[in-house]
Every structure is written in C-alpha cells, then in structure tokens.
Amino acid sequence: MDRKILNAKTGVILWVVIHAILIALGISVPWKMDSDLYSVLPDSNEMKNVSAAEKVLSARTMRNITVLVGHENFDIARSAAVALDSAFAQDSSFDEVRFYVDEKSFDETHDFLYKNRYTVQGANVREALTSQNLETLKFNALTKIYGVFSYANLNRLEEDPFLMGEAAFEEFMQRSFSMSGRFSLREGVLAANDSNVSYVMWSAVLSEKIPSMASDDHVLGRLDRMLDSLKKNYAGLVIAKSGVPFHSFESSREAKSEIAVISGISVVLILLLLLYVFRSPLPIFATLSTIAIAIISALSFTWFVFGNIHVFTFVFGTSVIGVSIDYAVHFWTHWKERRAESADVSGSRSVRSLIFKSLLLGFMTTEFSYFALTFAGFPLLCQMAVFSMVGLLSSFLSITLLFDAFFDRNVISKSRKFKKNVAALPTQVPAAFLKLYSYFPKKAGWLVAILFVAALMPGLYWLNIHTDLRTLYSMSNEMKMAEALNAKLSNLGISENYFIVEGESEEDVLQSEEALTERLVDAEKKSLLKSHLATSAFVPSARTQAMTYEGFRRLFFASDSLQNITDFLADSVNSHLRGIGVEHDSAFVAGLNTGANIVDLKSIVDSPSIPSSFRSMLKMLWIGAVGDSSSRRFYSAVFPLHVSKKFDAVALAKDLPNVYAVNKMHNINDALTKISHVSLQLVACAYAAVFLILVLVYKFKTAVRIIRAPVLACLFLAAIFGYAGVDFNFFAIVGVILTLGIGIDYALFFNEGGCNNLTTTLAVMLSAMTTIISFGILAFSSFTPVATFGFAVLLGIFCCFLLSPLSGKR
Amino acid sequence: MLSLWIFRRLFLVTLVALCGGAFADVFDHPVTAASKVEMSRLLAPMKKFRGVEGEFKQTKSIKKLNRDFVSTGTFNISKKKGVVWKTQKPFPSELTVTDTSVTERSANGSVRTIATKDNPVFAEFSKVIKAILFGDISELEKKFKVFYEAPGEFEMKIGLVPREPAMRKVIANIVMDFSFSLDTSSTPFVPSLNRVLIMDGDGNPVTYEFLKQTKDIERPLNRL
C-alpha cells in the first residue's frame, strides 16, 4: 500500500468510516451477554426441526431451579424455606414459584379422571377392554370395595359400579409416584430426609427475560444473599442449590473475575515488555489504543451479527490482545529502528511500506484461517472467528492507516531532530537468539525437520480426536454435592436417553407416542427400565380414547345375535351390580350413553381448567408446535425412567416413524468431534489456499519454508496431547487453528526481513512473547475448555517461534 | 399429592392393625403432659409384643348410598416380618406390608407390588407401625394431634387427627379403642386394641373390629 495510492488523509477517513460502521452496527442492537453453558452448543440432532424441538425442551428445563433448605429440625428448615418463599414468591424474575402444595389438586385430579373415566384409562384397563375381560375389571372393583385399607371413593358406586374413575386415578398416581422421589407432603410443603437432616423443597422457573450473566442485581445474586442471611439467622441451616441457571450464573461470575485477572495480567506483562523494548510511552499508548479499539470494534460487530455475545467468546477474545499487538510491535520496532538510525532517511521508504507485504500476508493468512472456521457449523466457533477477524482487521487498519498518518511521517520529518533522544533497541537478546541458529548447519534443516516429525509420530499415532463435554466442565464441590443430593432425593431416574416424537398434529404425536409406549411397556416387563413418562399416558390420543369408550360399551352392554351393541346391560354386568347392592342401573347406563367424552389435548394444554397436576406434567412433556408456518410440526418428549445398562433407545425407536431417540450429551459430543474434524479439514483447505498464494508470491521452495514452521508446530502440539494421553478435543483443535493463523506471521516476517535481521528477530520475539503471555495465561483459567485452548496455543506458538528463524533466507 | 395417596393407604393399614374403638368425645381431651405419661405407661406392655394375630371385621358405611360393605378375614402383625391382612369374605384379597414392599393381591389373583426402597412414605409408614406397636406416642405426635381418654378402669381411647391439612381431607380423624386384661405373665395389664374407627373426609366411617386376638406370636407370614 503506497502513499501514492492512499494518502494519509484518505487513510484516516477510511479508518474512521470503517470503525464508525462497525461500532454503529453494534450499538444498533440491544446488547446481551450470554453465559449459558449450553446455548452455544452445536445442534445435537441432524434433523433441523427435531433439533429445534430439543432446544425448546432444553430451554424450558434449563430455567428450572431448586433450592433445598435443610436442618436437623424440620420446623427450622420449614421456617427458613417460608422466609425464602416470602421473599421471592412475587418476584417478577420468576415465571413460577413452587413451594406450598396445592390441597385442591388431589380433588381436582380425582374429579377430572372420574368425569373422563370412559376415555382416559391406563394400559391395564385398555388391555382388559381389548380382551373383553370383564372379570378383571369386576375383581379390581371388588378389591377396592371390600379389601382392607382401600380408600376408593364409593360415593359414586351407583354411577360407576366398576370404579373406573378410581382405576384411572390410581394409574395417574402411579405415574406421579415415579416423579416424587423421596419427597413427601409435610405440613403443606414437600420434604425429604437424608442423614438426619430434613430438607424442604423450594423451586422456581426463571423468567425468559432474565439474563444468565451475573450482575449485582441479578435475581440469583439476590437469592444467594438471601440464603446467606438465612444461614446466619438459622444456625445449622444447610442449603443445596440445583439447576442450570445456578451453574451459568456461577460460571459467568467466575468468568467476569477471570476476564479481569487474565486481561489485567496480560496487559501488565505486555506493558512491561514493551516499556523495556521501546523505552517510550508513545508506542505503548498507541498499541494499547489499537487493542482497545480492536476489541470494541470486534465486540460491536459480533453483537450485531449474533444478537448476543457468549462469555466464552469474550474470554477467548482477550487473545485478540496477543494477535493484534503483533502488528503494532512490527510497526514500532521498525519505527524505532528508523528513528535511531543516524543516516539521512529523507527519500527512503516509510515504515509501512517496509512491513506492509509481510503484514498483509500475515493478516490474510490469519483471516483465512478464521474465515474457514465460520463454516464449521458451530455457533461458538463462528462467534469467536468473527470476533477475531474483526479485531484483527481493526488492528491491521489502525497500523497501516492511522500509524502511517500520525507516526510514520513524523519519523521522516523529525528523525533528525529527535535522533539524539532515541535509545537504541535492545537487540542483545535477539542477537543471542540468532547466534544459536548460526551454529545450525544450513543443509541440515530438512534432516532436522524429518527427525523432528519422526519423534512426533508416536504421539500423533496415540492422538485421540474426541470431545467429551462432561470432562470439560468442572463444578465447585459445593455445587457438585448439591446436585448429587438433589438427584438422590428426587430420584427421578431420567436418563441421558429420551425420545422426541414428531407429528403433523397433536393427534399424530399422541398416536406415535402410543406406538412407542407399547414398546416401552414391553421393555419394562423385561426389566430394561422401571417406567416412563409420556403425554399420552395422561391424555391418550383421540383414537385411543374413542376405542376405550367403545370397548366399555361392548363390554358392559349386551350384544344381539348380529353382534350389535344393545341398550341393555350384559348379564354378567347385572350380576355384578346386584352383588354390590346397586339396584338401579339407570345412572350407570346414562353415564355410558352420554357419548365419548374425548379429552382434547389441543384445548387443555394451556387451559387453567385442567388439574394443576396435569398441567405440570404436560409442561414437562409436551413441547408443542415448532417451526415456521411452512415447516410447523408438533413435538413431545417421552422419558424412560431408571433404565438399565442394556436399554437401547435407538433400537427401541427403530422403524417407528416420527420417533427419534435422543442422547443429547452423546449427540453433542459426536457433533463436537465431527466439527473438530470438519474444522481441521477447513483449515487445511484454507492453508492450501494460503500456500498457493505464497507459491505465487515467493515460489514453491520459499512457500514450503514459510509454511513449514507453523505446520510442524501444530504437529508438535498435537503430539504432546497424544503423548500425554489427553483427548485432543475441540478446544485444542481451535488452538491448532490459531497456531496456524498466527504462527505463519513469524515465518513471513523472517522471510521478509531476513533471518539475520535483528529488528525482525526482535519484532518476532516480541510478538511471540506477547502472544505467549496472553494465551499462556488462559492456560490457568478455571474453565477447562479455555485452559485447554490456552495451553494448546502456548505449545504451538512457542514451537513455531523456535522454528520460524529457519524460514528466513540463510 | 402422590405421597398423600400412598400415605393415606398405608397409614390406615398401620392404624387399623393395632387400634380399636370409636368414640367421638375423645376429641374433647387433647393429650396433656400428665395424660401423656399415663398413656405411655398403659401402652408400655405393647413394646414387649413380638406379634399379634387374629380376625378382623371391616365395615365401610357409605352415607350417601345408605349402605354398609362388610368384609372379614385374618390379620397377622409381626415385629420382624411385617403385616399381612387377608380378606376372606365376601371376596378374597390380601395386603402384605413389609419393610421393603407393599403387595396387594386382588380377588382374581392378580398381584401388584410396590417397592418401599427410597420411598419416604413407606419409611414413614414403617415408623408409624412401630410407633403404635411399641406404644411410641412421641412418634405418633409427629404426624397427628393426639387425644386421650380413659373412661373406665379397663378402657382407653386414643384419638388422632392428622396434622397435615391435605391429609385431613382424606382422613378426618381416627379413634382407637383399647381395653386391658390381666395377663398371666408379670405384666399386670395388657392393652388390647379392639376397634378402630376411621372417619374419611366425606364423613363416611370405616370400622375395624379385632377379634380372637393372640399376642406375642411369632409366626412366619407365609403360614397364615
């Protein structure tokens, strides 16, 4: 970029316009920081709509929180929980707060099931109807009537002599039973005991509008303060918090302090380094300003593109400091060298023109690598790539346009005037560094490279490219214990495997569910699981309800010779009625003749008229409509409970249309592993393109020499993971990609500046040091993914830095 | 609500197994410190029982229908093995409650078993059984408001009202009627649970009468 093409004024205007656009775009959208651990994960199902349905389900369950308030004395635990509930019951940050058990729910459910007794029945009754087994229904009723401690409601015996309302209620209770775990009703609240401590359950659903990012006035922050105050007021109080929002909140709180620490240490160390090298505040001030502008621009644009920015991107984004500083360092080392030169510089080339070629090639190759990552199909990676691309672009523009305008011209015009005030660059270290390479035989380069690769081979052979999210998130001991306690007490038994059922309509979904639940019931008989939860178990499909009604009529009414159902009760039914003293059958017959009372899921799913117990079940299981008007379909979730190791969800769902077995964790891990491979392939393609450009610019041999250092560095870092037996996960692969993107700059600078150029060596050393500092500190992050990423880049950049002098012409 | 349902059934098992007598006026006499001591003293011999067996008669009176449903059978309560209720007439059925499960065998022979593992309701049920069997009033007081009356020298009534409002909708109250008889052993007065009246939330009484009781019998449940 020559001044003839772009003068200083135009350059500054261009810089201002580009940055104004980037920042204005960011300001134009509402800012939202996301710290949800799961929100940036890749789609875990290849089918778009099923994946969307999964997300709806996850979004719903991931807003649930539970707080167990425990004490050796139940009354104290309850009092503390009451205080907690009083403080938050009306809080608008929660969509729903659950504490006191609704006494009406029992009667509501009982009445609802009695009213719909001829349509809403469980599998056992339906089976008896299918086999026309009146005896089963009769003996079940007699057991309820005459058996001990049966508290079936006998008030309606005239209307319901077979106690079908009670049978439906019993079935419902059995389903509910599997969900209550060790909690039971005690003084109007749910309580459980463990290790002589009584725990009272308080739970809530966080409002969708509440951000997961920690802040002082965040509802979970207020909740924490309330719980701390309760602990102070009630000695011996035990609190166990459970739910994804707590983890996200905790993570974001830690991330915030980590960002402050990581950025702070990075900046201080880099400042000290720059101060040592430049001995002047100007380069430091200018460099820091460049970084600040780069981060603001990157932040704004990323915000604009994605609508929010994930806290992980922000943490990774601190690495932009290390990348963007490289360009500034190259500018300032050459600037300083020029200022210190005693020779007349008039008429000589500007600093920008000296470094522009290597800077542009370095910028392009890094951007190429980042750009390739945007195609990986992983939102987090895409966000990080966009953030880094924009940050890097901003830095590049600042140095080539602004620095040139404000500082480079000063060099030429004032170098003589200030010459005596300029201290020489500290070149002792680069000189010593280069001296080491002077001992290295020129022709042994390739031999060493081959030996180096050979040494890496076993490590590469042992390399396991695999991502397991479970190994990447480590919660605090307190959270771990709280989650374990909650799981133990709730004992729900929901496994990683579940099913998503799809349909054109609500009825379609319910019918598909029923096909699935038939198989689940068979599996239950084989002890592959204990039970299951499905919407159709509470509200059967209209088809099943109609068949149930017809089944009752066929069973209870007599048939004539043509097998047509008559209006008269069958003899065996009359016999039962007489046996239990029901003298008038009119109420019973009238109930059977009122027509099928079909319960329509569509009309009850959000209706306040259905029992709250049903509503809470449906909220958990029914996903509803997903997709736009053209692709809108309906979904539900079916959860197998307490599955054995032999339970195979995929085999169970096989050949069942519209039923999808889901193992979210497994699918996400698979997706991440797949994305890792795709990312590597994309970057390999990007690198092939970069190589072609280098061949065009430098010719083949030089291009190979330039590309050798970053490629070998990546093989080195991969081999270290292989030797260490650590999974080469997605985040380590991001480290590889960055090493390739950043590391090639060093080789390019050496190639351009020559391998014996002290200024170039110093610039590369400074670049490498600043990068190593900024990424190396990430290796100490408490977030395993960030630490893995930082460690990978640290290894890669360090190796690349050591190899890059071999890229220059010797 | 689930817990309520299970608890309702099981608690009734417990209480009916061991209690008798229904006298509404017992609820005029909330237990006091002094009466609690007396009640505990009178129930103390029960702590020595290893088991009780006998016959029972259950009468469910449904006011709305103006009809009684009567059934009879045998019961066996073993401190170690659990509780077995065998309804023999008019239709056979069986209910077995052990520390680990509750099994119901219906009139047509179908069996349904619910494991008590990890279930607090059954754990509570077990506690209540023991509380009554051993005359542990303190344990009963956790779940019920306790009332006590001794109308005669050889009579005692204990009234129980569930503390849980939701539970009161199902079981309004329970009255246990004890009598005392001289024993040949060193214990002078042996309490005997003759009758239990359970009033449900709709005001329908269920009465259990215990006949031909034999105490301190340790017999395997499967022999009943």
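Parameters at a glance
Residues numbered from 1 in each chain as written. Chains lettered and ligands numbered in written order. Predicted model: local features only at pLDDT ≥ 70, side-chain atom pairs only at ≥ 80, totals over all residues. Heavy atoms only, no water. Helix = DSSP H or I, 4+ residues; strand = E, 2+ residues; numbered from the N terminus. Buried < 20%, exposed > 50% of the residue type's maximum accessible area, 1.4 Å probe, protein only. Areas by Shrake-Rupley, 256 points an atom, 1.4 Å probe, with all protein chains shown as cover. Axes fitted to C-alpha atoms, helices over the stretch in contact; angles between N-to-C directions. Parallel < 35°, antiparallel > 145°, perpendicular 65-115°, else oblique. Left-handed = near helix turned anticlockwise from the far one by under 90°. Contact = heavy atoms within 4.5 Å. Nonpolar A, V, L, I, M, F, W, Y, C, P; charged D, E, K, R; others polar. Phe/Tyr/Trp six-rings, centres within 6.5 Å; stacked < 30°, edge-to-face > 60°. Lys NZ or Arg CZ within 6 Å of the ring centre and 35° of its normal. Pairing = 2+ DSSP bridges. Arc of directions from axis to C-beta. Expected span 1.5 Å × (residues − 1). Polar contact = N/O pair within 3.5 Å; in protein donor to acceptor, adjacent residues only side chain to side chain. Buried area = accessible area lost by both parts, 1.4 Å probe. Salt bridge = Lys/Arg side-chain N within 4 Å of Asp/Glu carboxyl O.

A. Local environment of the overall build of chain A. Along the backbone of chain A there are 31 helices and 15 strands. Residue burial in chain A is summarised as follows: out of 810 residues, 57% are buried. Within the structure as shown, chain A displays about 33,700 Å² of accessible surface, and the carbon and sulfur contribution to it stands at 60%.

B. The packing of helix 29 (residues 730-753) of chain A against helix 30 (residues 758-778) of chain A, seen in detail. All names here are of chain A. Running from N to C, helix 29 and helix 30 point in directions that differ by 165°, and their axes come no closer than 9 Å. In this view, helix 29 runs roughly antiparallel relative to helix 30, as classed from their interaxial angle. As helix 29 packs across helix 30, the resulting crossing turns out to be left-handed. From helix 29, L738, I742, Y746, F749, F750 and G753 reach across to helix 30, where they touch T760, T761, V764, S767, A768, T771 and F775. Residue classes in the contact of helix 29 with helix 30 are distributed as eight nonpolar, five polar and no charged.

C. Spatial organisation of the packing of aromatic side chains. Residues and elements named next belong to chain A. One pass over the structure, following the stated rule, counts 35 aromatic pairs over all chains. Positioned over the ring face of Y114 is R117, at 4.2 Å from the centre of the ring. The aromatic ring of Y114 is capped on one face by R156, whose charged end is 4.1 Å from the ring centroid.

D. Representation of the pairing of strand 7 (residues 144-149) of chain B. All names here are of chain B. When you tally the buried positions in strand 7, you get five out of six residues, the bulk of the element. Relative to strand 8 (residues 155-162), strand 7 is paired through six bridges, and the arrangement is antiparallel. If you follow Y148 over to strand 8, its bridge partner there is I158. The antiparallel hairpin formed by strand 7 and strand 8 contains five residues in its connecting segment.

E. Fine view of helix 2 (residues 33-43) of chain B. All names here are of chain B. Inspection of helix 2 places S35, M39, L42 and L43 among the buried residues, and these make up the whole buried set. The arc that holds every buried residue of helix 2, seen down its axis, measures 95°, which confines them to one face. Seen from the open side of helix 2, the exposed residues pointing more than 90 degrees away from its buried face are A33, A34, V37 and R41.

F. Structural context of helix 6 (residues 134-146) of chain A. Residues and elements named next belong to chain A. Across its 13 residues, helix 6 extends 18 Å between first and last C-alpha, which sits within 8% of the 18 Å expected from 1.5 Å per residue. Taken across its 13 residues, helix 6 has ten buried, putting it largely inside the fold. Near the N-terminus of helix 6, the side chain that reaches the backbone nitrogen of E135, with its oxygen 3.3 Å away, is that of N133.

G. Focus on the pairing of strand 7 (residues 238-242) of chain A. All names here are of chain A. Burial within strand 7 is extensive, with four of its five residues counted as buried. Bridge count between strand 2 (residues 64-71) and strand 7: five bridges; the pairing is antiparallel. Looking across to strand 7, one finds that T66 is bridged to S242.

H. Expanded view of the interface of chain A and chain B. Listed per partner, the contact involves 45 residues of chain A and 51 residues of chain B. Looking at the side of chain A facing chain B, the largest losses of area belong to A:Y146, A:F149 and A:Y151, adding up to 23% of the total buried there. Run the count over chain A and chain B and you get one salt bridge. A salt bridge links B:R67 to A:E158, with the shortest nitrogen-to-oxygen separation between them at 3.2 Å. Our enumeration of links across chain A and chain B arrives at 13 residue pairs in polar contact (both at pLDDT 80 or more). Broken down by secondary-structure element, the contributors of at least two residues to the side of chain A that touches chain B are helix 4 (104-115), helix 6, helix 7 (164-180) and strand 4 (184-186) of chain A. Counting residues per element, the side of chain A that touches chain B draws most heavily on helix 6 of chain A, at eight residues.

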